[in-house]
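Examining the three-dimensional arrangement
Residue-level listing of the chains:
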Amino acid sequence: MKHLLLTLLATAALAGAAQQVVVQEHRRLLQGVEGPAYYPALDASGTRLLFTDADACGLKLYDFNDDVTTRITALPGAGMDAFFGGDGKVYYVTQELREHNLVYRTGHAYDVARHTDAVVLDAQHGAVHPVKAMRGAALKGENRSFRAPATMGLTVYTEGSTVVIGRDGRERAYTPVPSHAGYLWASLSPDATRVAFFAAERGICIIDLDGNLLAELGNYEMPAWLNEHYLVAQHATDDGHQFTSSQILLLKDDGSWTHALTQPSSMTMQPTAARGRVVYTTIDGNLFEMTLQIVEP
Amino acid sequence: MKKSILTTAFALMAGMALAQQPHVYINPGHGGHGSDDRNVVIPPFAAGDTLGFWESNSNLWKGFALQETLRRKGYRTSISRLKNQEANDLNLSTIVALCNSSGADVFYSIHSNASGYGDSHAFNYPMGIYRGYTGQPQVPNSDKLAADLGETLIENQSTVWTNGGRYIIYGDWTFYPDWGLQGLGVLRGNKAVSMLDEGSFHDYYPEAYRLLSHDYDWVEGWNFSIGADRYFGRLDNFDKGVVTGCIRDDRVLREAAYQMVGVDTRVPVDRATVRLLDTNGQEVAVAQTDSLWNGIYLFKYVEPGNYQVEAVGAEHEPMVKPVTVEANATAYCNFDLKKIRNTPPVVLSCSPQWADGDDPLLCNVPVVMQFNWDMDTQSVEQAFTITPQVKGHFTWEDSNYRVTFAPDDAYAANTRYTVTLGAAACHGGGTPMGEDFTITFTTDSRRHLEQLAVFPTQDAQVHLTKLVVEFRTDSLMNPYDLNKHFHVFDSDGNEMTFAMRSVKNNKKSDTFGFIRLPLARDLVPGQDYRLVVDREVADYDGIHIPDTLHIGFHAVDAALQLRDGGEVTPLGGDDVQATLPGGDAWASLARAAGLLGGKALQVKYDFAKTDATSLRVDLGGLQGPSFAQGDTLAVLLQGDMSFNHLVATTADGLDLPLDVIDFNGWKCARARVDWPGNHRVDGFVLQRPDDARVAKQGTAGTLLIDGLARFKRGKHTDIADVQLRGVSVGPNPATDYLVATADALIQAVELVRLDGVTVARNAANYINVTGIPAGVYLMRVHVNGLTSTHKVMVAK
């Protein structure tokens, strides 16, 4: 990784008119403390981090401020799509098999300040979508949903091949680009003016709050806003069975600029970002933290 | 208000129904006909033709069928792709996320398998894999999902299973023990009850042809839906069945070089018409087999009951079979159709055509008979006699219309043979010929192509670099595909490749046969190797060598052998005043790159330009070691396989025979000093013996002589650098990860130091090299029980 840092600095020094990326810090997280960690998710302040194991079983919280890791739950499925609500709580979904071998999913909220965990959405069959909101959060099930509080401000989630944007409870679904397989990984920009999401067969898209397509950033996965104008994403290749390369990219929100933060051979994946801090993992579960400064030309 | 209540009630009921509706996520594996897709090249399709067999095509057709049948059965479905373009080849983590987001109850990833051996092996059976150790699925019930599916898939009677009809189920952590906990990409992080099914083996070629049939793929998708019904307890929820099967000729064999098992050895019937008849003989439906050599037909969504199925081909007699259709089940009904044959068989033509007074024939002449019908092979072979008796074998071609008898070895020389096909020989319909058919011929005097020389020889110690395999025969070898009959294997059985652009072989103008095959890669000192020369090496008349040759040899570092002997005296230096007394007109001396890093003495000669039978090289000013009795003199030689003899001479008049130059490349040649006193080398003599091998080689050549020392034993390592086709490793150099790719599943990779010590091993296709010191390593990639080794560099 030292080699990577030097490379990036050299790239920055050589870049003329383009943006310059300065890696201020790049380090391994929780080395020797935690086992393999996957699906990292930062809160909006970039100071708290959720992570889980390779199968999303269980959920843990790491606080950068006090360097303490807390186990939130050991339940299966909890680590996938867990997120911080606008109210600071951690929302996650667990699952269990019930009659006729149907999968039922239950919504939970973990109060970080009080270290308390509560079921907020009883078990139901079918999908339960995480809904990210400016204030609070929601879990939208096929039969019942949870919202907290009632007026959450802007909300965003994907459902099938639509991205759903809500304003104080009034939701509208958009399909700005065609995608048979569906949309994923929707998130609001930090300034709450745009939405980034991934459209299968197409890649990462940026739309405004009225669903108008602003930019397409390329066929990368798992977009996460680094700041108001930059995102990080995963760019991976595979042979149909196994990954053959994976790297983290830095993308300008208008699609005009792409910069490799790691090499394809680094097998780095699943990035999350907030306020200049990037956290990602590797194929064998090593968490890394990278803080970036981007100097505009 | 009333309307509102009704609407609400209806919505609630619909919601409850939805709540109980199983949701299946379908992932037709691969996609896009790209590098991560699987193309099996089967005629008439060329490599890369998207209409030919691609795993992504058949996976998609199966997925379509599963989606269609599940929807008819009241399921919710999601499917990861509807097309087969590069954009539809979604990343593994995208597929997992889409499944999780859909809220599906189960996930099927639809694939077919490959042994990795291509057409040389016959494996065909279905296999289900879930995430976790076998019996311990990471997502509970995934093992049950696989078992419920397998129970239906294995009942498929249109195919031929090669494992006795068992559905194989594994957890991916158990099946790929070297992958650790990485497992299959589409199962990793997948929260649905999930599995990946390898429905059959697409590199079992008869199966690849079946997978070209949309009907065959449809049946597999339909069988998936029955597996889902079994898993969700819904087997009684569907009231239609399916009739399908395979139509083959009852005896005509499929003529192909690939492996076939059981009934797959017989030809499928293309464009056969199949009618489904009710109990009154009324036609219910009509189907047809396609023209892609699979013989598959299908009737979808048939009402349960008793039926008759009639099959007929353009050249085959009709056949009728009863079949019973049950609800939500597959009724298999295969046919073995009889070809229409309406006259007795006769021999239309035969070779050889020979009569008394004609020139005798070659000792390998085959007997070929062409018939008017496809013949019953067993009756023909039983009715065939040759006198005097000769062991031989039959090959059948042209759908059994033509038989060839070839002797296992050559016939006896100068012998008259009589061949008779008895009257009992029958065609495929059972009618005999009725009268005997007889020919005679006489053979000439030459039985085999004789070997004159070969290198390496048995137990030879061969220098590791630039090995040139050479084989000489007493007449010209047929150069067509000649190189394919020469093989060098390492001690692990991996075949090494030749530098094909540098292969040289005899031309029509040459007086004897030869081929020289340089290896593409160096040998590893200390390793044992094996040269195999196939018995099929033959001259232009097809006269082959008497038997396959197996020659074991050992790789050494000749320079190391010499250096281990002690102090080395260079012979190509300026301080050595080398001369050729008496050989100036037909020989020359020069300096050329030696093996020890400096210059070697280069001797060029041409005995054709002189009456002399030896050439002396004087080494004036040589300050070499002094040899006492019992010492061994060692010299580095680069041979030209001239079969000349090389003798070292000493200042006090001793002749020390060093070696016969029966080798190519470098060699540490030795001579023991058995005379008392101290002796210093003052030159060499190259002697031309009276040897047929020399005469055949020609008279000109070049010999290099490098250092001079006493002999010591050599050293070795034990790492082979042999690479399999289709396996690659990158990036090189690597700083973070080394990743291997292959056409088949990679079981594990290892990183090995050049001294043989393994420094890292991973059960996936990559190694994290961030903690490994910079340097040159060998990366071993394990694929299907074979190992491919690649030299790589780790950088910091």
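Residues numbered from 1 in each chain as written. Chains lettered and ligands numbered in written order. Predicted model: local features only at pLDDT ≥ 70, side-chain atom pairs only at ≥ 80, totals over all residues.

A few words now on the overall build of chain B. The helix and strand tally for chain B stands at ten helices and 53 strands. In chain B, buried positions account for 47% of the 796 residues. By sequence separation, contacts in chain B at least 24 residues apart represent 72% of the contacts at least 6 residues apart. (Helix = DSSP H or I, 4+ residues; strand = E, 2+ residues; numbered from the N terminus. Buried ≥ 20, exposed ≤ 12 C-beta atoms within 10 Å, placed from the backbone. Contact = placed C-beta atoms within 7 Å.)

Take the overall build of chain A next. Within chain A, the secondary structure is distributed over one helix and 26 strands. Per-residue burial for chain A yields a buried fraction of 51% across its 297 residues. In chain A, the share of contacts with a sequence separation of at least 24, taken over all contacts with a separation of at least 6, comes to 38%.

Taken together, the contact between chain B and chain A spans 54 residues of the former and 42 residues of the latter. Secondary-structure elements contributing two or more residues to the side of chain B that touches chain A are helix H1 (2-20), helix H3 (92-102), helix H7 (214-232), strand S48 (737-741) and strand S51 (766-768) of chain B. Here the side of chain B that touches chain A takes eight residues from H3(B), the largest share from any one element. Grouping the constituent residues of the side of chain B that touches chain A by class yields 24 nonpolar, 23 polar and seven charged. (Nonpolar A, V, L, I, M, F, W, Y, C, P; charged D, E, K, R; others polar.)

As a further point, take the nonpolar core. Counting residues in hydrophobic clusters, the biggest one holds 197 residues, and the most contacted among them are A:Phe197, A:Val232, B:Val106 and B:Leu738. No other element matches the nine residues that H7(B) contributes to this core. Discounting chain neighbours no more than four positions away, the residues touching A:Phe197 are A:Thr158, A:Val163, A:Tyr183, A:Leu184, A:Trp185, A:Ala186 and A:Cys205. (Core = buried A, V, L, I, M, F, W, Y, C linked by C-beta atoms within 7 Å.)

A few words now on the sheet that holds strand S33 (residues 513-518) of chain B. Residue and element names in this part refer to chain B. Pairing is antiparallel across the open sheet formed by four strands, whose spatial order is S27-S29-S33-S32. Both outer strands of the open sheet, strand S27 (451-455) and strand S32 (504-505), are each paired with one neighbouring strand and no more. Across two bridges, S32 lies against S33 in antiparallel orientation. Paired with lysine 504 across the bridge in S33 is arginine 516. (Pairing = 2+ DSSP bridges.)

This part covers the environment of B:Tyr205. Positionally, B:Tyr205 belongs in helix H6 (residues 205-211). Put simply, B:Tyr205 and B:Ser120 are 85 residues apart on the chain and 9.9 Å apart in space, counted from C-alpha to C-alpha.

Right, let's talk about the pairing of strand S5 (residues 68-73) of chain A for a bit. One face of the sheet, then the other: side chains in a regular strand alternate in exactly this way. All names here are of chain A. Here strand S4 (residues 59-63) runs beside S5; their pairing, made up of five bridges, is antiparallel. Directly across from leucine 59, in S5, lies its bridge partner threonine 73. Following S4, the chain reverses through four residues before pairing antiparallel with S5; aspartate 67 in that reversal takes a positive phi of roughly 60°.

We now examine H7(B). Residue and element names in this part refer to chain B. Compared with an ideal rise of 1.5 Å per residue, which puts 19 residues at 27 Å, H7 spans 27 Å between its outermost C-alpha atoms and is within 8% of the ideal. Buried residues dominate H7, accounting for 17 of its 19 residues. Looking one or two residues past H7, glycine 233 carries a phi angle of roughly 70°, positive in sign. (Expected span 1.5 Å × (residues − 1).)

It is worth stressing that arrangement in space is one thing and function is another; only the former is reported here.
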